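A closer look at the structure
These are the residues of each chain, in order.
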Amino acid sequence: MWTSFAAGYHRRSSAVLRISVGILFLWFGGLKFTPAMSPAEDIAVHAMSVMTFHAVPPDVSRPLLATMEVAIGLGLVTGVLLRLALAVFFVHMLGVFSTLVLLPDDAWSTVPLVPTMEGQYIIKNIVLIAACLAVATTSAASAAGPVPTITPAPTQEPGTEEAPLTAGTAAR
């Protein structure tokens, strides 16, 4: 029974990862549309302000981040424009992780080993990156077609091995 489940899940695992991460992005991005609903809103808005040299005000950056996260979520859940959604996801993750460096007082209680709650919220994205890398590589492999199989080199018959080379001997 377990083998059957494992085989069935393996065939669908990329879709499960894709949709799971998509649901998280829809959910967390949706929270950012309403001020003070997202626990990550303050650090995200502060980071966006620092990254844009304070050119983008918080009342603009919050809905921009929300829209980007919801768009990523929709792309992942539906699979529509998946490559674009994945590209935007990875760019978004660069911005998210830059927060650890740009806002060390917000991200770390003891630099660099003890993250604050906001820092933990950022670091857990390592799992989302791994999931989206799996989705991206599965998607790329599917688009490339079947993977050629590699056949191992034939083994030698017992008793026909070549003598090992020793110092001062030449290869035959």
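Structure shown above.
**Examining the overall build of the protein chain**
Per the secondary structure count, the protein chain includes seven helices and two strands. Of the regular secondary structure in the protein chain, the N- to C-terminal order runs α-α-α-α-α-β-β-α-α. Partitioning the contacts of the protein chain with sequence separation of at least 6, the portion at a separation of at least 24 is 63%. Carbon and sulfur atoms provide 71% of the accessible area of the protein chain, an area that totals close to 11,400 Å².

**A short note on the pattern of salt bridges**
Taken as a whole, this structure holds two salt bridges when the rule is applied. The partner of Glu69 in a salt bridge is Lys32, and the shortest N-O contact between them spans 3.0 Å. With Glu69 in helix 3 (residues 58-78) and Lys32 in the loop between helix 1 (2-31) and helix 2 (41-51), the pair connects residues that are 37 residues apart, well separated along the chain. Under the relative-accessibility criterion, Lys32 is labelled buried at 4%. Between Glu41 and Arg62 there is a salt bridge whose closest N-O contact spans 3.8 Å. Here Glu41, found in helix 2, pairs with Arg62, found in helix 3; they are 21 residues apart in sequence, far enough to count as distant. You'll find Glu41 and Arg62 in the same group, each marked buried.

**What about unusual backbone geometry?**
In this structure, His54 takes a positive phi of about 65 degrees despite not being glycine. Relative to the helices and strands, His54 is located in the loop between helix 2 and helix 3. Among the residues examined, His54 registers a relative accessible area of 59% and is labelled exposed. Although it is not a glycine, Leu81 sits at a positive phi angle of roughly 55 degrees. Secondary-structure assignment places Leu81 in the loop between helix 3 and helix 4 (82-102).

**Notes on the nonpolar core**
Generally speaking, soluble globular proteins have nonpolar side chains that are buried together. With 20 residues, the main nonpolar core has Val21, Phe25, Leu76, Leu86, Phe89 and Cys132 as its most contacted residues. Put simply, the parts of the chain that give this core at least two residues each are helix 1, helix 2, helix 3, helix 4 and helix 7 (125-144). Here this core gets six residues from one element, more than from any other, and that element is helix 4. Contacts of Val21, omitting those with residues within four sequence positions, involve Leu76, Leu128, Ala131 and Cys132.

**Quick notes on the side chain of His92**
Tracing the chain through its elements places His92 in helix 4. You can call His92 buried: its relative accessible area is 8%. Non-local contacts of His92, meaning those with residues more than four positions away in its chain, are made with Phe25, Leu65, Met68, Glu69 and Ile72.

**Re the layout of surface pockets**
Over the atoms a probe the size of a water molecule is rolled, and this reveals where empty space is left. Within this model, the largest pocket holds a volume of roughly 420 Å³. In this structure, the largest pocket is lined by 25 residues; those nearest its centre are Lys32, Ala44, Glu69, His92 and Val96. Listing elements by their share of the lining of the largest pocket, those giving two or more residues are helix 1, helix 2, helix 3, helix 4, helix 6 (117-123) and helix 7. Partitioning the lining of the largest pocket into residue classes produces 17 nonpolar, four polar and four charged.

What counts and what doesn't
Residues numbered from 1 in each chain as written. Predicted model: local features only at pLDDT ≥ 70, side-chain atom pairs only at ≥ 80, totals over all residues. Heavy atoms only, no water. Helix = DSSP H or I, 4+ residues; strand = E, 2+ residues; numbered from the N terminus. Contact = heavy atoms within 4.5 Å. Areas by Shrake-Rupley, 256 points an atom, 1.4 Å probe, with all protein chains shown as cover. Salt bridge = Lys/Arg side-chain N within 4 Å of Asp/Glu carboxyl O. Buried < 20%, exposed > 50% of the residue type's maximum accessible area, 1.4 Å probe, protein only. Core = buried A, V, L, I, M, F, W, Y, C linked by side-chain atoms within 4.5 Å. 1 Å grid on protein atoms, 1.4 Å probe; cavity = no way out; pocket = protein on both sides within 12 Å on 5 of 7 lines; lining within 4 Å. Points joined across faces, edges and corners; volume = space filled by probe spheres on them. Nonpolar A, V, L, I, M, F, W, Y, C, P; charged D, E, K, R; others polar.

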